[in-house]
Structures are given as C-alpha cells and as structure tokens.
Amino acid sequence: MCTGEGEQAERASITAHTARVTALILPPSPLPQADDRFSLSAAELRAAVLDGELVALGDGYLSIDSVALPSDRAASLADLRADQRLFAERLTAAWIHGWCPEPRTHTAAASIAARVPSGVRRRVGARELIITDIELVTVGGVRVTSPVRTLVDLAREDDATLPRDELTRIVAESGIPVAEIRRSLASARKAPHAARARLRLSAVADAVHVVDRVNASDRVQHAVEVRDIAHLEHELRDRQAVA
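First things first, this report covers the structure right here in the doc. Being a predicted model, the structure only gives us computed values, none of them experimental.

1. Here we look at the overall build of the protein chain
Regarding its fold elements, the protein chain presents eleven helices and eleven strands. Of the contacts formed within the protein chain by residues at least 6 apart in sequence, a portion of 50% connects residues at least 24 apart. Working note: accessible area of the protein chain is about 14,100 Å², and carbon and sulfur atoms make up 54% of it.

Now the structure itself:
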C-alpha cells in the first residue's frame, strides 16, 4: 500500500472510530486491556484533534459533534479518577459544574482526615482541606466539591487569583443565591480568609444577577437577584418607574 493510501486508511479508521463515540475518549492505559480493538494511540488522538475530529477535554478527548457533560469533564481527569481520596475543587470544580471554561491548571485536594501521603499530594498538586462528606458530590466517578462549597472556596480566593468580576460571572452562572453562599461560609468554623470572602461576596451581591437563564424570547420572566433578594424583572422595572 502506498503512503497516500496508508494515510487515507488511517484517517478513515479514526473517522469511523469517532463516529461511533458520542462521549469521552480516554488515552490508552499503559496496562494491558481486555479488548483494545477500538482503542486509538495517543499519537492518533492528537492527530484527530489537529484534523478537527476531536477536541481536548481534561486528560481525554471528545468527538467534535458531542456536547461535554459534567460527567465527561470529571471523568477526563485521570489523577482524580484513579485515586478516590482526591477530589476536584475551586476552578476545576466550577468547570465540572459547568460554570466556567476549563482552567489552564486543574486544582485538586484531599481531606485532612483521609491522611493522603504527602508524596501523592505533591505529584498531583493537591492541597489538604478540612471538609465533610456532605460537601462533596460524585460526578462521573470522580469526587467534586459540592456547588455551594465550590463557590465558598472561590470567594475565599484573592482578587489576583480570581478577580471579582470573574467570581461574579461564576456565581451568576451557578444560579445559587449569594445569601446561600454566605450562610455556608458563616457555618464553617475557623474558615480561612472568611473576612476576605465576605467582602468579595458583598461585591457580588451588589451586582444584578440573572439567575433563571431562560432566553427572553421565550417570554419567560427572569428571576433577578439584587442584594440577595430575588425579584421578577417586571417588578424591578415597575419599581424603577415609580421612583
């Protein structure tokens, strides 16, 4: 077979494979697989990305015509999938929940109670946190901080790490009222950077958030949160008209 025919056959194989796949594609494992007839090598996967047949997602890939689900985003993180003592947090958790683009560097953590060896934590860049089981959820077989705990952690970040306007966008995208985030923050004993988080959440609360993100063309009233109080858009317009 000539080189041109060989390239065409390889491209056809990749195209046929991606046509069969509607969800996450993970790079081949270094361990022997029971059935690897349909697996693609790492080089083939990268080539498929260059050809526009796949898009990178975490440590994996997604067919170009598929929509990434939270379970896909979570399962794409190989280190967290392999070690259930670790969990996604901060911007990585927000990305999994669907509130922001994929961060350049993923963030993971481990509970202090889990006693994960420091060597394991250093390898994946995970920090230790005081966290309860009810503050964790499982998505795509991977543990992730719950929506409210994720927002509390992001509120505690400094402005250089996560600017306030970005925090505002993430909170708005989540649809979770600022009052609920504040209650969770207040209930955490000795939470680090709590004062900073309160100030940042006050700035978020001062902005107007569209919580119900249904398209206005559907003639559905949007719920708007102003200073932690939910209103319908027409109520706000009526009040402004009276004023």
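2. Looking at the pairing of strand β8 (residues 142-145)
Taking every second residue as pointing to the same face, both faces of β8 are buried, with V142 and V144 on one and R143 and T145 on the other. Bridge count for strand β7 (residues 136-139) against β8 is four bridges, and the pairing is antiparallel. Each bridged residue has a counterpart across the sheet, and for L136 the counterpart in β8 is T145. Counting the residues in the hairpin turn of β7 and β8 gives two residues, including G140, whose phi is positive at 60°.

3. Things to note about the sheet that holds strand β3 (residues 60-63)
Backbone-to-backbone hydrogen bonds join strands into a sheet, with any given pair of strands oriented parallel or antiparallel. One open sheet accounts for three strands, arranged β1-β3-β2; its pairing is antiparallel. In this open sheet, the two strands that pair with only one neighbour each are β1 (24-25) and β2 (54-57). For β2 and β3, the ladder comprises four bridges, and the chain directions are antiparallel. Note on β3: the bridge partner recorded for V55 is L62.

4. Structural notes on the pairing of β3
Each regular strand shows side chains that alternate between the opposite faces of the sheet. What you see with β3 is no split at all: G60 and L62 on one side and Y61 and S63 on the other are buried throughout. In this sheet, β3 lies alongside β1 in antiparallel orientation, the contact comprising two bridges. Looking at the pairing, I25 lines up with Y61 of β3. Counted between consecutive antiparallel strands, the loop separating β2 from β3 contains two residues, among which G58 sits at a positive phi close to 60°.

5. A look at helix α8 (residues 164-174)
Taken together, the buried positions of α8 are L167, T168, I170, V171, A172 and S174. A positive phi of about 75° marks G175, the residue just after α8.

6. Topic: unusual backbone geometry
Notably, R90 is not glycine yet its phi reads approximately 45°, a positive angle. Its place among the elements puts R90 in helix α5 (residues 90-97). Judged by its relative accessible area of 17%, R90 falls in the buried class. In this structure, R115 is a non-glycine residue whose phi angle is positive, near 55°.

7. Focus on the nonpolar core
Here is a general trend for soluble globular proteins: nonpolar side chains tend to be buried in one another's company. One finds I96 and I170 to be the most contacted residues of the largest nonpolar core, which totals 42 residues. Within the second largest apolar cluster, six residues are counted, among which are L45, A48, L54 and Y61.

8. Describing the packing of helix α7 (residues 147-155) against helix α9 (residues 178-187)
Geometry of a packed helix pair, given as the angle between the helix axes and the separation of the axes. Running from N to C, α7 and α9 point in directions that differ by 80°, and their axes come no closer than 9 Å. When the axis of α7 is compared with that of α9, the two are roughly perpendicular. The segment α7 lies against α9, with V148, L151 and V152 engaging E180, I181, S184 and L185. In terms of residue class, the contact of α7 with α9 is built from five nonpolar, one polar and one charged.

9. Quick look at the side chain of S111
In this structure, S111 sits in strand β5 (residues 108-111). Separated by 3.1 Å, the side chain of S111 and the backbone nitrogen of A113 make a polar contact.

Thresholds applied
- Each chain carries its own residue numbering, running from 1 in the written order of its sequence.
- Given that the model is predicted, a residue must reach a pLDDT of at least 70 before its local features are reported, and side-chain atom pairs must reach 80 or more before they are shown or counted; all residues, however, enter totals for whole chains, interfaces and linings.
- Side-chain measures here rest on the full set of heavy atoms in the structure, leaving out hydrogens and waters.
- Secondary structure elements are defined from DSSP: runs of H or I of at least 4 residues count as helices, runs of E of at least 2 residues count as strands, and each element is numbered from the N terminus.
- Whether two residues are in contact is decided by their heavy atoms, any of which lying within 4.5 Å being enough.
- Only the protein chains shown count as cover for residues, and all accessible areas are computed by the Shrake-Rupley method using a 1.4 Å probe.
- With a 1.4 Å probe rolled over the protein chains alone, any residue whose accessible area is under 20% of its type maximum counts as buried; one over 50% counts as exposed, and the rest are partly exposed.
- Only when DSSP finds a minimum of two bridges between them are two strands counted as paired.
- For this analysis, a nonpolar core means a set of buried residues of the types Ala, Val, Leu, Ile, Met, Phe, Trp, Tyr and Cys, connected via side-chain atoms within 4.5 Å.
- In this analysis an axis means a line fitted to C-alpha atoms, helices contributing only their contacting stretch, and an angle means the value between N-to-C directions, from 0 to 180 degrees.
- Any angle that falls under 35 degrees is termed roughly parallel, while one over 145 is termed roughly antiparallel, one within 65 to 115 roughly perpendicular, and all others oblique.
- Charged means Asp, Glu, Lys or Arg here, nonpolar means Ala, Val, Leu, Ile, Met, Phe, Trp, Tyr, Cys or Pro, and polar covers whatever is left, Gly included.
- In protein, a polar contact requires one atom able to donate a hydrogen and another able to accept it; more generally it is a pair of N or O atoms within 3.5 Å, and residues adjacent in sequence count only if both atoms are side-chain atoms.

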